[in-house]
Amino acid sequence: MSMQKICTFFEEKLCHKYVPLFLLGLLIVITTTAYLNQLDPEIMEGRNFITASEIIKTGNWVVPSLFGELRIAKPPLPTWMTSAVMMLAGTDTNLVVNRIPSAFAGLFLSLAFFGLTKSLTRSTRISVISTAVLGTSYLYIFMVRRGTWDIHAIAYMTAMIWALDVLLKSKKFRPWVCLSAGLFFGLSFLSKGPVAFYALLLPFLFSEIVVNGAKKMTSQWKKLLLVGALGLLISVSWYVVIMIMHPEAMAAMFSKETAAWAGRHVRGWWYYLPQVPAMLGLWAIPAALVCIPQYARSRLQDTIPYKQLLLWTVGIVVLLSIIPEKKVRYLLPVIIPLSILVGGYLDYCLKHGFSFYGTKRGFQLYAVLGVIILLAIVGVMWIAGEISSTPFYTDPWQVFAALCSLLLAALLWTTAVYHKPQLLLGCLFSTMALLLVTIPPHIKTLMPNRGALPIQTIRSFVGNVEEQVHSLASLKLQTQWILGKPAIRIAKEDLMTLSPGEHIIIASYPTDFPNNIVVEKEYLARYVKHNPLLIYRVNVQN
């Protein structure tokens, strides 16, 4: 059987009614669950994990704490979910377990996004492609692997907007849709306050009014009033309780958070502009093209609400750019409308094949890029095997992965040669899935100075007894979570003043201790940049 016939066979299978949905589900499961423990914990995760652990220890689910101090800067819904999975797993040291709530939020986001896209475009085909674009985008893959609040807030707000769009298009009163919209609004607010309301819902409402007029919304005022009332009731519930129990702490928190938005991580207003297309990773080129109205409007306006989606995208970027504090993860809302735009553009390319200017070169570029990625997968496995002295061809799973990569590369190139754009697109999504499944296990081998800290080993070394933990280095909060205890920052001369008994000393360099301090054990945790993180168990004598 020739390669052309093989391509035709696979392309026919992709056109089956349920095959694209099954493959999309498989792709999303891979992108949300594969190797959740590969990335190091960051400071936001440290706060979340410590707070979740203390909820379990204290049994106080209403008023979270961080090392015994009130932690009310962020609403508690994601932390409650993290506490729940920690309790079910019986440990707070398993990164995979701790990140399950974010993975669940990512899965829920993809489902809500599919429904929203179907409601906006009335096309299952565009919904499948757009959801696959979202699921393989850089920022989505990154955020579902972090135990933070952002993915939760955006996931619930996307579901709320989906329900809202259904309501606005429905002439009948649908109470369950109203209740769902209000519920998701409240859950989003309990995940990260008004962030998703400001960054995702407000630009959507603006685009809706500009494109469809305010009359459409005012005619549905009873439905919107019900949604708003329920959403507001759920949103303020926890805040009201905290204000009653700790009014001064709540007022101080509001003042601190307001100042932080204007004084921390300040960047120029243009900071986000070049990064918006990059957030889609592999799909950065079509993401840039769909933002050019002169190029994209005539091609996309018949299949997707191009003007509304573009206004929604621009509105998100503008509102985020107004705020002085800027971080890359704050761009998570923008990939929602942008993925629909890219999905509509890819659908247009599939319908027109290689018949219009620029598409042929674009698909050839993606074919070359996909082949390079697939060959790089094989190269990484080979290099990792050479470094570890365990050749990859001795592992049946790695041999299978390498064969899949080579076969997929051959198929990818053949689809470009024989002009099979639909199969080529399927191969690109498969390439991303294969990349996520095969590469992460080799990261530690290729970069031994990086990777997750050995949490269980460090916890065992530090112990659960009441030794004081002191640090000669400035430790990040996520490192203190790994230690299981807060570390008191001291200078080297302060070692002479330590009270008699056992202590844990943390240093980023080999340390000479005074004569009255006996080092009982020493553990090299890992390298942080170029300096080792050393943990000493010492006994201070009289």
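For the structure itself, consult the block above.
Quick caveat, the model's predicted, so the values are computed rather than measured.

*Asks:* Sorry, what's going on with the overall build of the protein here?
*Replies:* Within the protein, the regular secondary structure consists of 24 helices and seven strands. Projecting the C-alpha coordinates of the protein onto the three principal axes gives extents of approximately 85 × 65 × 45 Å. Going through the 542 residues of the protein one by one, you find that 52% of them count as buried. Long-range pairs, those at least 24 residues apart, make up 76% of the contacts in the protein between residues at least 6 apart in sequence. In the structure as shown, the protein presents an accessible area of about 25000 Å², 66% of it carried by carbon and sulfur atoms. Between the averaged position of the 46 positive side-chain charges in the protein and that of its 26 negative side-chain charges there is a distance of 15 Å.

*Asks:* Help me out: how do you make sense of unusual backbone geometry in this one?
*Replies:* A negative phi holds for most residues other than glycine; trans holds for most peptide bonds. The backbone of Tyr35 shows a phi angle near 50°, a positive value even though the residue is not glycine. Accessibility expressed as a relative area gives 31% for Tyr35, which makes it partly exposed. At Phe67, a residue that is not glycine, the phi angle is positive and equals roughly 55°. Looking at where Phe67 falls in the secondary structure, it is placed in the loop between strand E1 (65-66) and strand E2 (69-70). On the basis of relative accessible area, Phe67 is assigned to the partly exposed category, the value being 28%.

*Asks:* Please explain the packing of helix H3 (residues 43-58) against helix H4 (residues 77-89) as it appears in this structure.
*Replies:* Two measures define how a pair of helices packs: the angle their axes make with one another and the distance between the axes. Close contact between H3 and H4 brings their axes to 8 Å; oriented N to C, the two are set at 60°. The two elements H3 and H4 cross, and the hand of that crossing is right-handed. Residues Asn48, Phe49, Thr51, Ala52, Ser53, Ile55 and Ile56 of H3 pack against Pro78, Thr79, Trp80, Thr82, Ser83, Met86 and Met87 of H4.

*Asks:* Even after reading the chapter, I still don't get the pattern of salt bridges, so can you show me in this structure?
*Replies:* Under the counting rule described, the total for this entry stands at ten salt bridges. Between Arg146 and Glu42 there is a salt bridge, with its nearest N and O atoms 3.9 Å apart. Separated by 104 residues along the polypeptide, Arg146 in the loop between helix H8 (138-143) and helix H9 (150-169) and Glu42 in the loop between helix H2 (19-33) and H3 bring together distant segments of the chain. Each member of the pair, Arg146 together with Glu42, is buried. A salt bridge links Asp165 to Lys169; its shortest N-O distance comes to 3.1 Å.

*Asks:* Can you help me understand a nonpolar patch on the surface in this one?
*Replies:* Judged by side-chain polarity, Val62, Leu232, Val236, Val240, Val241, Ile244 and Met245 come together as a nonpolar surface patch covering roughly 580 Å² of accessible area. Secondary-structure assignment places Val236 in helix H13 (residues 221-245).

*Asks:* What's the story with the nonpolar core in this structure? I'm lost.
*Replies:* Side chains of nonpolar character tend, in soluble globular proteins, to be buried together. Counting residues in each nonpolar core, the largest one holds 122 residues, and the members touching the most others are Met160, Trp283, Trp312, Ile335 and Ile336. With 13 residues, the top contributor of residues to this core is H9. Sequence-distant contacts of Trp312, defined by excluding residues within four places in its chain, comprise Leu116, Leu120, Ile161, Leu200, Pro203, Phe204, Ser207, Ile336 and Pro337. By size, the runner-up hydrophobic cluster in this structure holds 22 residues, among which are Ala52, Leu475, Leu477 and Ile504.

*Asks:* Explanation requested: H9 in the structure shown.
*Replies:* Given 3.6 residues to a turn, an α-helix orients residues that are three or four positions apart in the same direction. The end-to-end C-alpha distance of H9, which contains 20 residues, comes to 29 Å, matching closely the 28 Å that a straight helix rising 1.5 Å per residue would cover. Of all 20 residues that make up H9, 17 are buried, and the element is covered over most of its length.

*Asks:* Explain helix H10 (residues 175-192) to me, please; I cannot follow it from the model alone.
*Replies:* Taking 1.5 Å of rise per residue, 18 residues should cover 26 Å, and H10 covers 26 Å from first to last C-alpha, within 8% of that figure. Every buried residue belonging to H10 is among Val177, Cys178, Ala181, Gly182, Phe184, Phe185, Gly186, Leu187, Ser188, Leu190, Ser191 and Lys192, and all of these are buried. Buried residues belonging to H10 abut H4, helix H6 (100-121), H9, helix H11 (195-212) and H13. At the C-terminal side of H10, Gly193 shows a positive phi close to 65°.

*Asks:* What should I look at first to understand the packing of H6 against H9 in this one?
*Replies:* Between H6 and H9, the least distance of the axes is 8 Å, while the angle of their chain directions is 20°. In terms of orientation, H6 lies roughly parallel with respect to H9. Where H6 crosses over H9, the two elements pack in a sense that is left-handed. Split by residue class, the contact of H6 with H9 holds 18 nonpolar, six polar and two charged.

*Asks:* Whenever I open this one, the environment of Leu425 confuses me. Can you help?
*Replies:* Here Leu425 shows up in helix H21 (residues 421-438). Ignoring sequence-local partners within four residues, the contact set of Leu425 consists of Ile129, Trp283, Leu346 and Leu350.

*Asks:* Looking at this structure, I do not really get the packing of aromatic side chains. What am I missing?
*Replies:* Between two aromatic rings, the relevant description is the distance of the centres plus the angle of the planes. For the coordinates displayed, the defined rule picks out 15 aromatic pairs. On the basis of an interplanar angle of 55° and a centroid distance of 4.9 Å, the ring pair of Phe49 and Trp481 is categorised as tilted. Separated by 432 residues along the polypeptide, Phe49 in helix H3 and Trp481 in helix H24 (residues 477-483) bring together distant segments of the chain. Across the pair, Trp481 and Phe49 agree in class, each one buried. Centroid distance Phe108 to Tyr156: 5.6 Å. Interplanar angle 55°. Geometry classified as tilted. Placement of Phe108 in helix H6 and of Tyr156 in helix H9 is noted, with a sequence separation of 48 residues between them. A relative accessible area of 8% places Tyr156 in the buried class. Taken together through their ring pairs, the aromatic side chains of Phe104, Phe108, Tyr156 and Phe184 make up a single cluster. Over the ring of Trp149 we find Lys74, and its NZ or CZ is 6.0 Å from the ring centre. Positioned above the aromatic ring of Tyr295 is the side chain of Arg299, whose terminal nitrogen or guanidinium carbon lies 4.1 Å from the ring centre.

*Asks:* How should I be thinking about the environment of Phe254 in this particular structure?
*Replies:* Along the polypeptide, Phe254 turns up in helix H14 (residues 247-263). Spatially, the C-alpha atoms of Phe254 and Ala73 are 7.8 Å apart, while their sequence positions differ by 181 residues.

*Asks:* Looking at this model, I keep getting lost on the state of the cysteines. Mind explaining?
*Replies:* By definition, a disulfide links the sulfur atoms of two cysteine residues through a covalent bond. Overall, the coordinates contain zero disulfides when judged by the stated rule. Sulfur of Cys404: no disulfide; nearest cysteine sulfur belongs to Cys427 and is 12 Å away.

*Asks:* For this particular structure, what's the right way to read the environment of Ser191?
*Replies:* Within the element layout of this structure, Ser191 appears in helix H10. Exposure remark for Ser191: the relative accessible area of 0% places this residue in the buried category. Here the alpha-carbon distance between Ser191 and Ile154, two residues 37 residues apart in the chain, equals 8.9 Å. The contact partners of Ser191, leaving out residues within four places of it in the chain, are Pro75, Leu77, Pro78, Trp149, His152, Ala153 and Tyr156.

The rules behind these values
Residues numbered from 1 in each chain as written. Predicted model: local features only at pLDDT ≥ 70, side-chain atom pairs only at ≥ 80, totals over all residues. Heavy atoms only, no water. Helix = DSSP H or I, 4+ residues; strand = E, 2+ residues; numbered from the N terminus. Buried < 20%, exposed > 50% of the residue type's maximum accessible area, 1.4 Å probe, protein only. Contact = heavy atoms within 4.5 Å. Areas by Shrake-Rupley, 256 points an atom, 1.4 Å probe, with all protein chains shown as cover. Lys, Arg positive; Asp, Glu negative; His and termini not counted. Charge placed at Lys NZ, Arg CZ, Asp CG, Glu CD. Axes fitted to C-alpha atoms, helices over the stretch in contact; angles between N-to-C directions. Left-handed = near helix turned anticlockwise from the far one by under 90°. Salt bridge = Lys/Arg side-chain N within 4 Å of Asp/Glu carboxyl O. Patch = residues over 30% accessible without salt bridge, like charges linked within 9 Å, V, L, I, M, F, W, Y side chains within 5 Å. Core = buried A, V, L, I, M, F, W, Y, C linked by side-chain atoms within 4.5 Å. Expected span 1.5 Å × (residues − 1). Parallel < 35°, antiparallel > 145°, perpendicular 65-115°, else oblique. Nonpolar A, V, L, I, M, F, W, Y, C, P; charged D, E, K, R; others polar. Phe/Tyr/Trp six-rings, centres within 6.5 Å; stacked < 30°, edge-to-face > 60°. Lys NZ or Arg CZ within 6 Å of the ring centre and 35° of its normal. Disulfide = S-S within 2.5 Å.

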